[in-house]
Structures are given as structure tokens and as C-alpha cells.
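These are the residues of each chain, in order.
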Protein chains: 2
Amino acid sequence: MFELFNEIGIISQLSRAFFEARLPDGMVLPHFSVLNHLVRVGEGRTPVQIARAFQVPKNSMTHTLGGLEMRGLIEVRPNPKDGRSKTIWLTEAGRSFREEAIVRVGRDMMPMLPEMDAEEVARTLGFLKHLREEMDRARD
Amino acid sequence: MFELFNEIGIISQLSRAFFEARLPDGMVLPHFSVLNHLVRVGEGRTPVQIARAFQVPKNSMTHTLGGLEMRGLIEVRPNPKDGRSKTIWLTEAGRSFREEAIVRVGRDMMPMLPEMDAEEVARTLGFLKHLREEMDRARD
DNA sequence: TGTCATTGGTTCGACATCGTACTATATGGT
DNA sequence: ACCATATAGTACGATGTCGAACCAATGACA
């Protein structure tokens, strides 16, 4: 069990480094992740919603969103339903940035893929999701 | 595939937080990991060897070892075979600190364990090790 | 309507992590 | 023996991440 978490930690570290080596200068994995999230889950989300989705504190998300806005990849608008809140939208630059990043990373990831059995990946993913839910519950 | 790395990243984050919440004040996961490594792999390792084992840059390891030495959990001795190098040894305090941490974390991790099938854990672990090796190779 | 607790977001300070540059020792080739 | 190159460890600066404190807007409730 310790070993499992250990392996997970190291892979997380390696995959992050792998990713960031293929992103421009100061961009970091969470930047890409947020763009991706907005495409998949939908735009117009609030910062807290996004922070919860990634299980990070909201001030960290403020920081990440700040970087994305400064680079013109997202647009921040007020939330018409709540005066305290904001909503996050992709710009055209943000959308195309995500696409290019996926191509670039995907290309370099190619050589690794044939080595892994698709079914095994799916089973592992299922187990990890289960594990994550378990850990969420243990957080009280 | 992206989703797999995403899940791994979040679990890594959660498990780290879980761990560190059960360590004293300023201690952090790498501190424990290094102590554990020394017990399992053996004492007398050099900082670079340890850094490589954890896939972190050597200056990060310098920092981590500094923290452990300051707390009296390890002892640093010169390397008789190489004047540039040092060797790292556990103190009694370090050894017992590790034991206590394992007990404390293990106790709180108990409620999660019955939820997971041991065979599934083993299979996942096998796959992740394979994946890690693949990624190591891709690092050139 | 007035008051209090809750929630969204930011600011600030602390710290881990990392790239780069640097010193000191070791190693290999001539 | 001498010099070039590689390697071990450290120092420094930049930055991501986070907890705590804070402000503003909302909601609950008398």
C-alpha cells in the first residue's frame, strides 16, 4: 500500500515533468489542466468550482487563473447570479493553445503507448477512481 | 491516457496531504520517504544515489537532507572512498521516528483498506511499475 | 429590516522544488 | 605529471503551492 502510493507519487512527478517540458516557457501543468477542464466540462465555471474539481485550495486556483488570464488564454467575467463570484471563459487563443499542446505532447507520448495494453489501462483507471473516491471520503 | 495521468496526479496530491497531516509540524513527505528508503535499501548511501532513487534533482535532495539532519534524524559522514562525497546514516531518533510514523499513518489508513481488493492492488502496482519504467526510458 | 454566519475571492507570508552557476575532487588520456 | 572533462555537493534566485487572515456579497432567520 505504501509502495502503491510511492509509485503513484513518482509517476505523477515524471508525467508532470514530461508535460511541462513540452509547454512554452513559464507554463505549468495546472495551466493546461484548467484549459482542458473548461473544454470538457464546459465554460462559465466559477473559480471555486474549478478548484474543487482539482482538489486544490481556492487561493492556488486564483494564482493559476491569474497566469492564464495574463497570457490571454482565458477571460474572466462577473457572475450575473452572484456578486462575489466570477465566471471563467476560454478565449480563442486558449482554445487553440490547448489543441496544440495536446498534439505536441501526444506526439512525444506515442512511443510509449504500444507498450501498454488498453484493457489494462482501463482497469487501472477504474481502480484509481475508486481509490480516489475512498480517499475523498476519508478526508471528512 | 490523459485521464490516467490526471487521476494519478490527484491521488498523489491527496495521499501526500494525508501523509503530511500525520507528520509533526514542518515535516514533509520526502523527509519520511528518505528515512524509509535508508531502512529498506540500506544506510551509507550518498546524496546523489538517494536523489536518483527518487528521481529528484540533487539540490532538492540537499535541501531534504538538511532538514533531516537539523532534526537529528540522520547523520552525515564523509565518504572514505570519495573526497567530494558524503554518506548518510540513520540515527536512533530517525529509526524510531520512522516506526512511529508508519504506525500513525497506518492506523488512519485502516478504514480505507477493506474497500480494496488485494489482488487488484497488486495488479495495479504491477502496471504502474511497468509504466514508470517506460517513462524512465522515454527520458533519454 | 437587522444581524450573524457562510461563502467567493484575494493578499500575504512561509516553504518546497527546481534550474543555473559555482567550488572541489576525481578520472581519463596524452 | 599534466590537463580536460566529469561528477558530488552547495548557494542563489525564481516560482508554484498552501494555510491563515481578510474583505465583500449572500443567505438564514428573528
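Along each chain, numbering runs from 1 in the same order as the chain's sequence is written. Ligands are numbered from 1 and chains lettered from A, in the order in which they are written. Thresholds applied to this predicted model are a pLDDT of at least 70 for local features of residues and 80 or more for the giving and counting of side-chain atom pairs; totals over whole chains, interfaces and linings are not thresholded and use all residues.

**Observations concerning the overall build of chain A**
- Counting secondary structure elements, chain A contains 6 helices and 2 strands.
- Helix and strand labels come from DSSP, where a helix needs a run of H or I of at least four residues and a strand needs a run of E of at least two; each type is numbered from the N terminus. For chain A, the succession of helices and strands along the chain, N to C, is α-α-α-α-β-β-α-α.
- Taken along the three principal axes of its C-alpha coordinates, chain A extends 45 × 40 × 25 Å.
- Residues are defined as contacting one another if the C-beta atoms placed from their backbone atoms lie within 7 Å. Summarising the internal contacts of chain A: among those between residues at least 6 apart in sequence, 44% fall at separations of at least 24.

**Comments concerning the interface of chain A and chain B**
- Counting residues at the interface gives 32 residues for chain A and 32 residues for chain B.
- Of all elements in the fold, only helix H1 (2-20) and helix H6 (118-138) of chain A reach the threshold of two or more residues within the side of chain A that touches chain B.
- The dominant element in the side of chain A that touches chain B, judged by the number of residues it contributes, is H1 of chain A, at 14 residues.
- Gly is put with the polar residues, along with every residue not named as nonpolar or charged; the nonpolar set is Ala, Val, Leu, Ile, Met, Phe, Trp, Tyr, Cys and Pro, and the charged set is Asp, Glu, Lys and Arg. Grouping the constituent residues of the side of chain A that touches chain B by class yields 18 nonpolar, 6 polar and 8 charged.

**What to know about the protein's contact with DNA strand C**
- Each residue receives a C-beta atom built from its backbone; the residue is near a molecule or strand if that atom lies within 6 Å of it. Around DNA strand C, 22 residues are found, and the nearest of them are Val48, Asn59, Thr62 and Ser85 of chain A together with Gly83 of chain B.
- Taken together, the elements giving at least two residues each to the surface near DNA strand C come down to helix H3 (47-54) and helix H4 (58-70) of chain A together with helix H4 (58-70) of chain B.
- Broken down by element, the surface near DNA strand C gets its largest block of residues, 4 residues, from H4 of chain B.
- The class makeup of the residues in the surface near DNA strand C is 6 nonpolar, 11 polar and 5 charged.

**Quick word on the protein's contact with DNA strand D**
- Near DNA strand D lie 22 residues; those nearest to it are Ser60 and Gly83 of chain A together with Val48, Thr62 and Ser85 of chain B.
- Elements that contribute at least two residues to the surface near DNA strand D include exactly H4 of chain A together with helix H3 (47-54) and H4 of chain B.
- When residues in the surface near DNA strand D are grouped by element, the largest group, 4 residues, is from H4 of chain A.
- Grouping the constituent residues of the surface near DNA strand D by class yields 6 nonpolar, 11 polar and 5 charged.

**Quick notes on unusual backbone geometry**
Residues and elements named next belong to chain A.
- For glutamine 55, which is not a glycine, the phi torsion comes out positive at approximately 60°.
- One can find glutamine 55 in the loop between H3 and H4.
- Put plainly, a residue is buried at 20 or more neighbouring C-beta atoms within 10 Å of its own, exposed at 12 or fewer, and partly exposed in between, counting only other residues' C-beta atoms, which are placed from the backbone. Look at glutamine 55 and you get partly exposed, because 16 C-beta atoms sit within 10 Å.

**Considering the packing of H1 of chain A against helix H1 (residues 2-20) of chain B**
- Convention adopted: a line fitted to C-alpha atoms gives each axis, helices being fitted over their contacting stretch, and angles between N-to-C directions are expressed from 0 to 180 degrees. Running from N to C, H1 of chain A and H1 of chain B point in directions that differ by 125°, and their axes come no closer than 8 Å. In this view, H1 of chain A runs oblique relative to H1 of chain B, as classed from their interaxial angle. You can see that H1 of chain A and H1 of chain B cross each other, and the crossing is left-handed. Mapping the contact onto sequence places Phe5, Ile8, Gly9, Ile11, Ser12, Ser15 and Arg16 of chain A in H1 of chain A and Phe5, Ile8, Gly9, Ile11, Ser12, Ser15 and Arg16 of chain B in H1 of chain B.
- Each residue belonging to the contact of H1 of chain A with H1 of chain B can be placed in one class, and the counts come to 6 nonpolar, 6 polar and 2 charged. Any angle from 65 to 115 degrees is called roughly perpendicular, while one under 35 is roughly parallel, one over 145 is roughly antiparallel, and all others are oblique. Note on convention: the crossing is left-handed when the near helix lies turned anticlockwise from the far helix by less than a right angle, right-handed when the turn is clockwise.

**Section: the confidence of the model for chain A**
- Scored by pLDDT, chain A comes out at a mean of 92, with 99% of its residues at no less than 70.
- For every residue, the predictor assigns a confidence score, pLDDT, that lies between 0 and 100. Across chain A, the element-wise mean pLDDT spans from 88 in H6 of chain A up to 98 in strand E2 (residues 86-90) of chain A.

**Notes on H4 of chain B**
Residue and element names in this part refer to chain B.
- Between the first and last residue of a helix there are one fewer steps than residues, each counted as 1.5 Å, and that sum is the expected span. With 13 residues, H4 ought to run about 18 Å at 1.5 Å a step, and its terminal C-alpha atoms sit 18 Å apart, in line with that.
- By the burial criterion, the buried members of H4 are Met61, Thr64, Leu65 and Leu68. Taken end-on, H4 shows its buried residues confined to a sector of 100°, consistent with a single buried face. Seen from the open side of H4, the exposed residues pointing more than 90 degrees away from its buried face are Asn59, Thr62, His63, Gly66 and Met70.
- Those residues of H4 hidden inside the fold are in contact with helix H2 (29-41), H3, strand E1 (74-78) and strand E2 (86-90).
- Looking at the residues trailing H4, positive phi occurs at glycine 72, about 75°. Arc definition: directions from the helix axis to the C-beta atoms.

**Description of the relation of the copies chain A and chain B**
- In superposing the copies, a least-squares fit is computed on C-alpha atoms, taking residues whose pLDDT is at least 70 in both. In screw terms, the move from chain A to chain B is a rotation of 180° and a rise of 0.1 Å along the axis, fitting with an RMSD of 0.1 Å. Expressed as an axis order, the relation between the two copies is that of a two-fold axis.

**Considering H1 of chain A**
- Here H1 of chain A contains 19 residues, and its C-alpha end-to-end distance of 27 Å stays within 8% of the 27 Å for a straight helix at 1.5 Å per residue.
- Looking only at H1 of chain A, the buried set comprises Phe5, Glu7, Ile8, Gly9, Ile10, Ile11, Ser12, Leu14, Ser15 and Phe19 of chain A.
- Those residues of H1 of chain A that are buried lie in contact with helix H2 (29-41) and helix H5 (92-109) of chain A together with H1 and helix H6 (118-138) of chain B.

**Let's talk about the environment of leucine 4 of chain A**
- As for its position among the elements, leucine 4 of chain A is in helix H1.
- Along the sequence, leucine 4 of chain A and arginine 132 of chain A sit 128 residues apart, while their C-alpha atoms lie 13 Å from each other.
- Leaving out residues up to four positions away in the same chain, leucine 4 of chain A has contacts with Val121, Thr124 and Leu125 of chain B.

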